[in-house]
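# Examining the three-dimensional arrangement
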Amino acid sequence: MLDLDLARVLAAARIAARGKRRSPDVAAFLLDLEGRCLALLAELSSGSWRPGTPRGFYIREPKLRLISALPFRDRVVQHLLVEATLPAIERSFAPQSYACRTGYGTHLCLRAAVALFRRHHFVLRLDVAKFFPSIDHAVVLDLLRPRTPAAWWPITERIVAAPCHVEATRFYFPGDDLFAPASRPHGLPIGNLTSQIWANLVLTPVDHLLAAHLGIGTFVRYCDDLLVFDDDPGRLRAAWELVVRRCEKLRLRLHPTKCRLHRTTDAVAFLGFVFERRGDAVRLRLRNENLHRFRARMRELRLLYAAGAVSVDDVTSRVRAWLAHARHGHTRALCRKVLADLAFTRGE
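Now for a look at the structure at hand. (Residues numbered from 1 in each chain as written. Predicted model: local features only at pLDDT ≥ 70, side-chain atom pairs only at ≥ 80, totals over all residues. Heavy atoms only, no water.)

## Considering the side chain of arginine 251
Using the following cut-off: In this text, helices come from DSSP runs of H or I with a minimum length of four residues, and strands from runs of E with a minimum of two, each type numbered from the N-terminal end. Relative accessibility decides the category of a residue: with a 1.4 Å probe and only protein chains considered, values under 20% of the type maximum give buried, values over 50% give exposed, and everything between is partly exposed.
Along the polypeptide, arginine 251 turns up in the loop between helix H12 (233–249) and strand E6 (260–263). Residue arginine 251 is classed as buried on the basis of its relative accessible area of 11%.

## Here's the deal with the packing of helix H7 (residues 137–144) against helix H8 (residues 153–161)
Heads up, the condition is: To get an axis, fit a line to the C-alpha atoms, keeping to the stretch in contact for a helix; angles then go from 0 to 180 degrees between the N-to-C directions. Any angle from 65 to 115 degrees is called roughly perpendicular, while one under 35 is roughly parallel, one over 145 is roughly antiparallel, and all others are oblique. The hand of a helix crossing depends on one turn: near helix anticlockwise from the far one by less than a right angle means left-handed, and clockwise means right-handed. What makes two residues a contact is simply this: any of their non-hydrogen atoms within 4.5 Å. All residues other than Ala, Val, Leu, Ile, Met, Phe, Trp, Tyr, Cys, Pro, Asp, Glu, Lys and Arg, Gly among them, are scored as polar; the first ten of these are nonpolar and the last four charged.
With their axes 11 Å apart at the nearest point, H7 and H8 run at an angle of 155° to one another. Compared by their axis directions, H7 and H8 come out roughly antiparallel. Handedness of the H7/H8 crossing: right-handed. For the pair H7 and H8, contact is made by His137, Val140, Leu141 and Leu144 and by Trp153, Thr156, Glu157, Val160 and Ala161, respectively. Tallied by class, the residues present in the contact of H7 with H8 amount to 6 nonpolar, 2 polar and 1 charged.

## Examining unusual backbone geometry
In most cases, non-glycine residues show a negative phi, while peptide bonds are predominantly trans. Phi is positive for arginine 251, which is not a glycine, with a value near 60°. The phi dihedral of leucine 271 is positive, around 55°, even though this residue is not glycine. As for its placement among the helices and strands, leucine 271 is situated in the loop between strand E7 (268–270) and strand E8 (273–278). Residue leucine 271 is classed as buried on the basis of its relative accessible area of 17%.

## As for a nonpolar patch on the surface
Note the cut-off: Only residues whose relative accessible area exceeds 30% and that form no salt bridge are eligible for patches; like-charged ones are grouped when within 9 Å, while nonpolar side chains (Val, Leu, Ile, Met, Phe, Trp, Tyr) are grouped when within 5 Å. Computed with the Shrake-Rupley method and a 1.4 Å probe, the accessible areas treat only the protein chains shown as cover for residues. In the sections that follow, a salt bridge refers to a side-chain nitrogen of Lys or Arg positioned within 4 Å of a carboxyl oxygen of Asp or Glu.
Residues Tyr172, Leu178 and Phe179 make up a contiguous nonpolar surface patch of roughly 340 Å² in combined accessible area. Locating phenylalanine 179 in the fold gives a position in the loop between H8 and helix H9 (180–183).

## Digging into the pattern of salt bridges
The tally for this structure, following the rule as stated, stands at 15 salt bridges. Taking the shortest distance from any N to any O, the salt bridge between glutamate 83 and arginine 8 comes out at 3.6 Å. Of this pair, glutamate 83 sits in helix H4 (residues 72–92) while arginine 8 sits in helix H1 (residues 6–16); the two residues are 75 residues apart in sequence, bridging distant segments of the chain. The partly exposed category is assigned to arginine 8, whose relative accessible area is 24%.

## Things to note about the sheet that holds E8
Inclusion rule: Between any two strands, at least two bridges found by DSSP are needed for them to pair.
Read from one edge to the other, the open sheet built from 3 strands follows the order E7-E8-E9, with strand pairing classed as antiparallel. Both edges of this open sheet fall to E7 and strand E9 (281–286), since each of them pairs with a single strand only. Neighbour-to-neighbour, the strand axes of this sheet turn through a mean angle of 30°, independent of strand direction. Strand direction decides the pairing type here: E8 and E9, joined by 6 bridges, are antiparallel. When the sheet's bridge partners are listed, valine 274 is paired in E9 with arginine 285.

## Quick look at the pairing of strand E3 (residues 122–127)
The buried fraction of E3 amounts to 6 of the 6 residues, a majority that puts the element mostly inside the structure. Of the two faces of E3, the one lined by Phe122, Leu124 and Leu126 and the one lined by Val123, Arg125 and Asp127 are each fully buried. Note that E3 and strand E5 (residues 225–230) share 6 bridges and pair antiparallel. Bridge pairing in E5 links aspartate 127 to aspartate 225. One ladder, built from 4 bridges, connects E3 with E6; its direction is antiparallel. Within E6, the residue paired with valine 123 across the bridge is histidine 262.

## Regarding the packing of aromatic side chains
We describe a pair of aromatic rings using the distance from one ring centre to the other and the angle between the two ring planes. Under the convention used in this document: Aromatic contacts are taken between Phe, Tyr and Trp rings whose centres are within 6.5 Å, Trp giving its six-membered ring; a plane angle under 30 degrees counts as stacked, one over 60 as edge-to-face, and the others as tilted.
As enumerated under the stated definition, the model contains 8 aromatic pairs in all. Considering the side-chain rings of phenylalanine 29 and phenylalanine 72, the 5.0 Å spacing of their centres and the 70° angle between planes classify their relative orientation as edge-to-face. Of this pair, phenylalanine 29 sits in helix H2 (residues 24–31) while phenylalanine 72 is found in helix H4, placing the two residues 43 residues apart along the sequence. The exposure class assigned to phenylalanine 29 is buried, which follows from its relative accessible area of 4%.

## A word on helix H13 (residues 288–306)
Operational definition: Under the convention used throughout, the expected extent of a helix is 1.5 Å for every residue step, that is, one less than its residue count. What the arc covers is the set of directions going from the helix axis to the C-beta atoms.
Between the first and last C-alpha of H13 there are 27 Å, a value that for 19 residues agrees with the 27 Å anticipated at 1.5 Å per step. Within the sequence span of H13, burial applies to Asn290, Leu291, Phe294, Met298, Leu301 and Tyr305. Here the buried residues of H13 occupy an arc of 90° about the axis, which is enough to place them on one side. Projecting away from the buried face of H13 at angles above 90 degrees are the exposed residues Asn288, His292, Arg299, Glu300 and Leu303. Elements in contact with the buried residues of H13: E9, helix H14 (312–326) and helix H15 (332–341). Positive backbone phi, approximately 80°, marks glycine 308, located one or two places after H13.

Remember that the coordinates give geometry; whether it matters functionally is a separate question.
Laid out in structure tokens, this is it:
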């Protein structure tokens with residue numbers, strides 16, 4: 001029996017609606033908030049709730065990705081599920097994992113990486129190929145089962161197995177027959193709250209392999225992007241081989257070209273920045289692609305502003321968001337130049 005009441009469902013709905021109140025789906029739900037939450041509570045309590053049909057669409061920044069957008073009521077359920085399961089999931093995370101965790105995040109991960117670049121001579125960069133589309137359902141359920149209250153387990157299974165929009169993948173692993181990619185359900189949809197947390201959990205065994213089994217605690221991981229540091233390149237190559245084998249057991253494959261062993265004096269890309277160590281100093285600059293995308297967005301925004309389709313506040317918030325990220329690198333001169341080139345005028 002789920003330990004739920006109307007107050008918790010209402011609170012989850014309000015959290016799920018943050019920043020999305022203009023969406024027609026969200027606005028319709030909020031118009032009859034209490035009635036819809038009561039209906040959702042009844043479905044969850046009786047066990048009759050089933051996931052709805054998601055909407056699929058592509059985004060092109062920072063790269064082409066297929067997004068699966070859930071009906072709003074399903075997002076409310078996911079917030080309730082995360083509330084019930086996150087404490088147990090969080091306890092299994094290694095301190096070197098920074099994605100989807102309160103008090104962690106991208107910029108703290110960047111600072112930790114800078115500190116490790118200063119202290120070590122070599123860095124192993126690892127990346128999982130087609131990470132979200134290739135996550136095996138049986139693997140993620142095995143990891144979730146001991147961390148999920150029994151009352152929430154049927155809902156967890158339904159969310160994992162629900163129809164969604166994911167990119168097609170076809171990977172084979174040791175012991176597979178010809179039909180394994182088709183017979184084993186796989187793929188978590190990008191855009192789901194649960195997908196972000198569960199994907200982080202799927203790679204936790206790799207964190208513990210490095211830290212506990214190999215004794216290499218000098219690494220940072222943000223979702224499927226991993227940097228492992230050491231002064232012995234041979235030790236990192238051995239770790240690389242073991243990570244490959246561990247990923248195979250998780251039915252994941254490392255990217256064939258993005259995984260590489262570098263000196264920390266090389267240019268190493270990570271989380272939208274490029275790291276380069278010079279002596280005890282580490283230079284952190286924006287990747288060229290990031291700047292090109294920002295300038296393209298500003299060109300589009302300039303046209304919208306001239307047509308009166310966006311306000312000054314919209315323009316200001318978008319520029320400030322980019323600056324807040326860019327300023328985590330050594331980009332003071334770059335930011336001044338970019339701001340000097342920005343000019344927005346209303347059309348006649």
